[in-house]
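Structural overview for review
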Amino acid sequence: MASNRGPVSYQFGADGSLTGTRGGGGMIAGVTDGLAALGPEASVTWICAALSDADRAAAQQQEEGTRDEGSIPVRMLDIPADIFERAYNNVANSALWFVLHLLFDTPNQPQFGHDFRRDWAAYLAYNEAFADAVAEEALREPPPPGGLRVLIQDYHLCLAPRLLRERLRRQPGDAARDVGIGHFCHTPWAPPDYYRMLPQQMGRALLEGMLGADQAGFHAERWATAFLDCCAVLLGAEVERTGLPAGQDRGPVGRVTYRGAVTEVAVHPLGVDAAELRARARAEDVQAHVSALRRTAGDRKLIVRVDRTELSKNIVRGLAAYRELLATHPQWRGRVLHLAFAYPSRSALAEYRAYTDRVRQLARQITEEFGTADWNPLVLEVRDDYPRSLAACALADVLLVNPIRDGMNLVAQEGPVLSGRGCALVLSREAGAAATLAADALLVNPYDITETAEALHQALAMPDAERRRRSAALAATAAADPPARWLGDQLAGLGS
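Reference entry: report on the structure contained in this document. Predicted model, so just to flag it, every value in this text is computed and none were measured.

**Examining the sheet that holds strand β16 (residues 442-444)**
Taking strand neighbours across the sheet as the criterion, the 6 strands line up as β13-β12-β11-β14-β15-β16 in an open arrangement whose pairing is parallel. With partners counted over all chains shown, the strands left at the sheet margins are β13 (378-381) and β16, one partner each. With strand direction ignored, the average angle separating the axes of adjacent strands in the sheet is 15°. As paired elements, strand β14 (residues 398-401) and strand β15 (residues 424-428) share 4 bridges and run parallel to each other. Note on β15: the bridge partner recorded for L400 is V426.

**Describing the nonpolar core**
One finds W189, Y195, F218 and F227 to be the most contacted residues of the largest nonpolar core, which totals 108 residues. The dominant element in this core, judged by the number of residues it contributes, is helix α3 (residues 81-100), at 11 residues. Filtering out sequence-adjacent residues up to four positions away, F227 remains in contact with W189, L207, M210, L211, A216, F218 and V265. Formed by 64 residues, the second largest nonpolar core is a distinct cluster that contains V290, L302, L337 and A431.

**Overview of the layout of surface pockets**
Taken as a whole, the second largest pocket spans an internal volume of roughly 840 Å³. S43, V44, T45, L148 and R149 are, among the 29 residues lining the second largest pocket, the residues nearest its centre. Among the elements of the structure, α4 (114-138), β5 (148-153) and α18 (483-493) are those that each provide at least two residues to the lining of the second largest pocket. For the lining of the second largest pocket, the element with the highest residue contribution is β5, accounting for 4 residues. Of the residues that constitute the lining of the second largest pocket, the class distribution is 18 nonpolar, 6 polar and 5 charged.

**Things to note about the packing of aromatic side chains**
Applying the stated criterion across every chain yields a total of 12 aromatic pairs. Both rings, one in Y126 and one in F130, keep their centres 5.1 Å apart while their planes meet at 55°; by these two values the pair is tilted. Taken as a pair, Y126 and F130 lie in helix α4 at a separation of 4 residues, close to a single helical turn. Of the two residues examined, Y126 and F130, each falls in the buried class.

Each value, and the rule that gives it
- Here, residues in each chain are numbered from 1, in the same order as that chain's written sequence.
- Confidence filtering applies because this is a predicted model: local features only for residues at pLDDT of at least 70, side-chain atom pairs given and counted only at 80 or more, and all residues used for totals across whole chains, interfaces and linings.
- The basis for the side-chain values is all heavy atoms of the structure; hydrogens and waters are excluded.
- Here a strand pair is declared whenever DSSP counts at least two bridges between the two strands.
- Numbering of helices and strands starts at the N terminus; helices are DSSP runs of H or I of at least 4 residues and strands are runs of E of at least 2.
- Axis definition: a line fitted to C-alpha atoms, limited for helices to the stretch in contact. Angles are taken between N-to-C directions and run from 0 to 180 degrees.
- Remark: nonpolar core denotes a set of buried residues (Ala, Val, Leu, Ile, Met, Phe, Trp, Tyr, Cys) joined through side-chain atoms within 4.5 Å.
- Burial here depends on accessible area, computed with a 1.4 Å probe over protein chains only, as a share of the maximum for the residue type. Under 20% is buried, over 50% is exposed, and the range in between is partly exposed.
- Whether two residues touch is decided by their heavy atoms; if any such pair falls within 4.5 Å, the residues are in contact.
- Of the grid points, spaced at 1 Å and generated over the protein atoms alone, those admitting a 1.4 Å probe that cannot get out make up cavities, while open sets with protein on both sides within 12 Å along at least five of seven lines make up pockets; any residue with an atom within 4 Å of a point is treated as lining.
- Grid points are joined across faces, edges and corners, and a volume is the space filled by probe spheres set on the points.
- Following the grouping adopted for this structure description, the nonpolar residues are Ala, Val, Leu, Ile, Met, Phe, Trp, Tyr, Cys and Pro, the charged ones are Asp, Glu, Lys and Arg, and the polar ones are all others, Gly among them.
- Note on ring pairs: Phe, Tyr and Trp rings are taken, using the six-membered ring of Trp, and paired if centres are within 6.5 Å. Classes follow the plane angle, with under 30 degrees stacked, over 60 edge-to-face and the rest tilted.

Right under this line is the structure:
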């Protein structure tokens, strides 16, 4: 397994010792749970980047032979800080993320000049470091029966599949033949007309890099189709399209033949491990928050959102829709409470700091406009508190998930699974999760504040029996695609 972020994150203790905790994020949770389901007989190594000073200290200890492997053997790469900064923040997060989510303010951004070419060289070096490490691990021992499988995660490592393939081909014997390579993109993919905004050399390199894999995977068919379109238009590759059979939401959707190699393109939606999630929600720390939130809410209905302060999550328009709900449907004033948990994200980027400030500003305006001596219409938390988020989902009457674009979105699935009395889901049609949850959610155009406000009204006014029916159906759909199935399908696609 290879990914930018790993399954463990280190912190320094007061005495300088290192303590590891589970890494955060939906991708990490899905991959970790999927690997755990393989069973003890599976031999796994996870290669990731050191993200902090404590991580780098841990990586240096690994190089000295004092590697703390935990439940999954982890190899952290101590990539030079300047290379990592340019690759991660200046290319992956400031260019690729914006392209894939269609986020650029195009009259002003992007501007791909000399500095970007230097940043791109760092992105290449970053991917080369991963390809070198994976090749080293792959060749450390003879391949197991059936061959070795490499699963490379996300847009940070688009170049790595081809770079790895090239390194393996240099080896004598059957080293390359015995390694199956998969790449999975957890984000959306952009259509050709937007994707070609990237400099031609870089745009082609990303596609060619992913085509070094035997299989390229996506959460939803629309993202896989956009990738096929880019390969056809920008590379002139031979693209065969099969699509998903009617009524299916997973499996191969086509293949790309390019420079004599064939890459299967497939859809693997990621759901949740319902049993594990519910067990976590029963823990003492979560239940303490449940009690506290019940006291805060009283007998009011709860609209809940749980997001990072990520531009694509569309928090500002979600707050604007809540504001319009209170303005146009005054019967809800005093009868509803909006819990908006918006955790800090990418604070190294100026756009994200400004966006977080805008979220705070709008939240204050809503409170000032509608709040009374005995009613606070909105509770905004801009800090990471996972147990409190689980508690809020368990109590939600309405869950608001309105991203501009999202590769999947696990919160949209976690909420109904955790819901104690059934919750209505107001869901952006631009979330990958809409492909599986559309039948029982209230779909909205994420740019349409009025439509979103009306959907919130419909959700709040929904009869209890209908809300419970929809919530149960959403939970069943989410539980049908647990991480074990998501990962197992990818391995099966690589012949393991």
